[in-house]
Structures are given as C-alpha cells and as structure tokens.
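Chain residues, written in single-letter form:
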Amino acid sequence: MREAALTHWTDRFGGKLVLVLLDNKFSPSIKKGRSLWGLQRDLTYRTGDGDDLITVPAGFVTDLTSIPRWGWILLPPDGPWVKAAIVHDFLYATSGTGQWKRRQDGRTRAEPYDRAEADGVFREALENRGVDPVRRFIIWAAVRVGGAKGWGTDDSRQPVSAADEAFVLDR
C-alpha cells in the first residue's frame, strides 16, 4: 500500500536547500533565541493545484521554524518541515505578495495570498514533505493561533547592503 502511495507522490519543491548560518562580528545572529539562516540559493514551491509557483529568493533570512525552545523536544526547528517553513516565512514576511527587497516577484499568482491561504500553503507543503498528520496539525494550528503578529513583518534584522544585493542578484 505504501509503495502505491509513493508512486503518486510528486515533490513540489525545486532547488536544493542550502542555508548559511548568519553571524555578525561578535556572535551568531539571533531572533528571539533562535539562530537566523540565509538562503544561499532560490527555493521554489509549486502549490497543490499546480497553478502557482512561489520562489523564495537567495538571500532571504529565516529562523527555520518559530517553535519555542520548550517545544524542541517534540518538534525541533530543523525537522522535515524546514522547506515548508521557509516558504511560509516568505509569504508572511511579504504579506503574501512575494515581493522582497527589490527582488523579482516571488509568485506567479496574480493576487497576493491572504494569511489563511499562506497557512494553507504551509499545511499542504508540510504534507508534501512527509510530515505525519498529527505533527502537521500541531504545527499548522500553532501558526493559525499565534502567527497573526508575524503577518507582514520582515523582522530578519539583516539589512542588505547594495553590494550584497548586487552579489545575490548576479548569481
């Protein structure tokens, strides 16, 4: 039965996930106790209906999953949900528009995603990554309940200089 299910599975993500731990002169860059990571390469996700491609650009900053430290024993921030979390962070940081730091629009859909749709994309992407139904529901429910304050907030704290911008765009 499981083999039959695997024959119909399609990886909706494109691009190899390559992250760089960000740091400054004195210590790692941290947001609310969690390390910040920068995407080294674009990461794409094709939505379940196949009509939209979301592209998270190289240089985007993420804390992986925003799971409180006390929850790490059950749901570590670097589990199989990381790619889904990065796409979700991107949609939240851009208020669903896919426009981030003067980069090309990161979505092919004409209208922006609203918060509920972004959370739906997250849940769908979690399933695509093989996250079991119980963990998938817990993670999705947590962002539905606690994610409102993060909507539209790109709080990566990582200013992009003109030189860095040119480096990322030239790659």
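Residues numbered from 1 in each chain as written. Predicted model: local features only at pLDDT ≥ 70, side-chain atom pairs only at ≥ 80, totals over all residues. Heavy atoms only, no water.

Visitor: With reference to specific residues and values, describe the sheet that holds strand β8 (residues 61-62).
Guide: Judged by pairing direction, the sheet is antiparallel, and its three strands sit side by side in the order β2-β5-β8 without closing on themselves. Two strands close off the open sheet at either side, each with one partner strand: β2 (19-21) and β8. Across two bridges, the pairing between strand β5 (residues 37-39) and β8 is antiparallel. Bridge pairing in β8 places G38 opposite V61. (Pairing = 2+ DSSP bridges. Helix = DSSP H or I, 4+ residues; strand = E, 2+ residues; numbered from the N terminus.)

Visitor: Hey, could you go over a nonpolar patch on the surface for me, with residue numbers and the actual values?
Guide: A contiguous nonpolar surface patch, about 290 Å² in accessible area, is contributed by V134, F137 and I138. Along the chain, F137 turns up in helix α4 (residues 133-146). (Patch = residues over 30% accessible without salt bridge, like charges linked within 9 Å, V, L, I, M, F, W, Y side chains within 5 Å. Areas by Shrake-Rupley, 256 points an atom, 1.4 Å probe, with all protein chains shown as cover. Salt bridge = Lys/Arg side-chain N within 4 Å of Asp/Glu carboxyl O.)

Visitor: Got a sec to walk through the packing of aromatic side chains? Specific residues and values, please.
Guide: Under the defined criterion, the tally for this structure stands at four aromatic pairs. Between F13 and Y45, the aromatic rings sit 4.7 Å apart at their centres with planes inclined by 50°, giving tilted as the arrangement. With F13 in strand β1 (residues 13-14) and Y45 in strand β6 (residues 43-46), this pair connects stretches of sequence that are 32 residues apart. With relative accessibility at 8%, the residue F13 sits in the buried group. Clustering of aromatic rings is evident, with ring pairs tying together F60, F90 and W100. Over the ring of W140 we find R123, and its NZ or CZ is 4.3 Å from the ring centre. (Phe/Tyr/Trp six-rings, centres within 6.5 Å; stacked < 30°, edge-to-face > 60°. Buried < 20%, exposed > 50% of the residue type's maximum accessible area, 1.4 Å probe, protein only. Lys NZ or Arg CZ within 6 Å of the ring centre and 35° of its normal.)

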